[in-house]
Amino acid sequence: MNYPFRNLCASLAAACGLLGAGGAQAAESAFIIPPPAVDQAKDAAQQEKAVIAGGCFWGVQAVFQHVKGVSSAVSGYAGGKENTANYDTVSSGRTGHAEAVEITYDPKQVSYGQLLQIYFSVAHDPTQLNRQGPDSGTQYRSTVFPANDGQRKVAEAYIAQLNQARVYPKAMATTVEPLQAFYPAEGYHQDYLVRHPYSMYIMVNDIPKVENLAKTFPDRYRDKPVLVNP
């Protein structure tokens with residue numbers, strides 16, 4: 001997908017102080033990391049789900065909507081109770097929820113570990129504690145929510161592998177938390193990047209993630225995103 005004017009908007013946003021501490025270049029950076037040494041086999045007979053959190057769910061959802069083998073990527077909340085799973089309450093940072101994305105995928109086409117490689121490389125910066133770019137608070141934490149013991153083992157092994165390999169400038173802040181439930185976000189949050197491609201926030205913080213997916217994982221990228229509301 002082509003996003004005209006993005007670099008101009010990034011420059012304007014930097015000049016106006018709309019970027020986080022990393023600046024425009026940080027928003028456009030991808031980490032080149034090795035694939036997971038431990039992964040699940042690609043022999044499952046049916047689709048599986050993965051829940052991850054890494055800052056504002058708009059950009060994370062957009063990345064995985066462009067990944068081959070993914071049939072759905074839904075923005076939502078995980079880590080807290082059902083009665084607080086709404087945007088206004090989660091934004092307080094006191095609910096235990098993280099802005100998360102539930103990914104439905106075909107393990108015959110893309111493995112859980114390969115999804116995590118994309119997550120740790122282009123979907124967010126896993127070294128930032130309780131923040132991503134201009135957003136701060138526990139609701140923006142880097143967290144993997146494994147749905148089963150197999151996913152937990154892959155996630156924990158991969159985090160240990162990446163920390164040992166020192167592929168990041170500092171230790172990873174990603175936590176692994178048991179998945180109690182996932183609650184879809186309000187309708188206006190779904191497919192946000194596709195519906196608001198000229199939003200300053202989207203151009204600066206999220207479109208670079210999709211562009212980095214295409215450049216860093218060309219064999220995993222598909223141009224047409226799978227949408228919640230086609």
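Residues numbered from 1 in each chain as written. Predicted model: local features only at pLDDT ≥ 70, side-chain atom pairs only at ≥ 80, totals over all residues. Heavy atoms only, no water.

Could you give an account of the UniProt feature "active site" (unreviewed entry) in the protein chain, naming the residues involved and the relevant values?
Taking the UniProt record as the reference, the feature "active site" (unreviewed entry) is found at Cys56. The class of cysteine 56 is buried, set by a relative accessible area of 11%. Apart from the residues lying within four places of it in its own chain, the contact partners of cysteine 56 are Glu99, Asp135, Tyr140 and Tyr201. (UniProt positions renumbered as here; feature names shortened; annotations may be inferred. Buried < 20%, exposed > 50% of the residue type's maximum accessible area, 1.4 Å probe, protein only. Contact = heavy atoms within 4.5 Å.)

Give me the environment of asparagine 229: which residues, what numbers.
Among the structural elements, asparagine 229 can be located in the segment after helix H8 (200–216). With residues near it in sequence (within four places) discarded, asparagine 229 still touches Gln190 and Asp191. (Helix = DSSP H or I, 4+ residues; strand = E, 2+ residues; numbered from the N terminus.)

Got a sec to walk through the nonpolar core? Specific residues and values, please.
Counting residues in each nonpolar core, the largest one holds 50 residues, and the members touching the most others are Phe64, Ile103, Leu115, Leu116 and Phe120. Of all the secondary structure elements, the ones that give two or more residues to this core are strand S1 (48–54), helix H3 (57–65), strand S2 (70–78), strand S3 (98–105), helix H5 (112–123), helix H6 (149–165), helix H7 (192–195) and H8. The biggest single contributor to this core is H5, with eight residues. Among residues more than four places away in sequence, those in contact with phenylalanine 120 are Phe31, Ile33, Pro126, Val144, Tyr158, Ile159, Leu162, Tyr168, Met172 and Thr174. With eight residues, the next largest nonpolar core counts Ala98, Ala100, Phe145 and Phe182 among its residues. (Core = buried A, V, L, I, M, F, W, Y, C linked by side-chain atoms within 4.5 Å.)

So what's going on with the pairing of S2? Which residues, and what values?
A regular strand places its side chains so that they alternate between the two faces of the sheet. Extensive coverage of S2 is indicated by the burial of seven of its nine residues. Note: S2 against S3, eight bridges, orientation antiparallel. If you follow valine 70 over to S3, its bridge partner there is tyrosine 105. Summarising the sheet, S2 and strand S8 (residues 182–184) pair through three bridges and their orientation is antiparallel. Residue pairing in the sheet places glycine 76 in a bridge with proline 184 of S8. (Pairing = 2+ DSSP bridges.)

Provide a residue-level description of the side chain of serine 142, including the pertinent values.
Inspection of the secondary structure puts serine 142 in strand S6 (residues 142–145). Within polar-contact distance, the side chain of serine 142 engages the side chain of histidine 124 at 2.7 Å. (Polar contact = N/O pair within 3.5 Å; in protein donor to acceptor, adjacent residues only side chain to side chain.)

Describe in detail the packing of H3 against H8, supporting the description with residues and values.
For the pair H3 and H8, interaxial distance at closest approach is 9 Å and the crossing angle is 25°. Taken together, H3 and H8 sit at an angle that is classed as roughly parallel. The interaxial crossing formed by H3 with H8 has right-handed handedness. Here Trp58, Gly59, Ala62 and Val63 of H3 come into contact with H8, specifically with Tyr201, Ile202, Asp206, Lys209, Val210 and Leu213. In terms of residue class, the contact of H3 with H8 is built from seven nonpolar, one polar and two charged. (Axes fitted to C-alpha atoms, helices over the stretch in contact; angles between N-to-C directions. Parallel < 35°, antiparallel > 145°, perpendicular 65-115°, else oblique. Left-handed = near helix turned anticlockwise from the far one by under 90°. Nonpolar A, V, L, I, M, F, W, Y, C, P; charged D, E, K, R; others polar.)

Which residues make up the packing of aromatic side chains, and what values do they have?
Inspection of every chain in the model, using the stated rule, returns seven aromatic pairs. Here the aromatic rings of phenylalanine 57 and tyrosine 87 are separated by 6.5 Å at their centres, their planes lie at 35°, and the arrangement is tilted. Here phenylalanine 57, found in helix H3, pairs with tyrosine 87, found in helix H4 (residues 87–90); they are 30 residues apart in sequence, far enough to count as distant. The class of phenylalanine 57 is buried, set by a relative accessible area of 0%. (Phe/Tyr/Trp six-rings, centres within 6.5 Å; stacked < 30°, edge-to-face > 60°.)

Now, about the pattern of salt bridges: what can you tell me, with residues and values included?
One pass over the full model with this rule turns up five salt bridges. Across the pair glutamate 102 and lysine 49 runs a salt bridge whose closest N-O atoms are separated by 4.0 Å. Taken as a pair, glutamate 102 in strand S3 and lysine 49 in strand S1 lie far apart in primary sequence, 53 residues in all. Lysine 49 sits in the partly exposed class, given a relative accessible area of 43%. Two residues, glutamate 177 and arginine 141, come together in a salt bridge whose shortest N-O distance is 3.0 Å. (Salt bridge = Lys/Arg side-chain N within 4 Å of Asp/Glu carboxyl O.)

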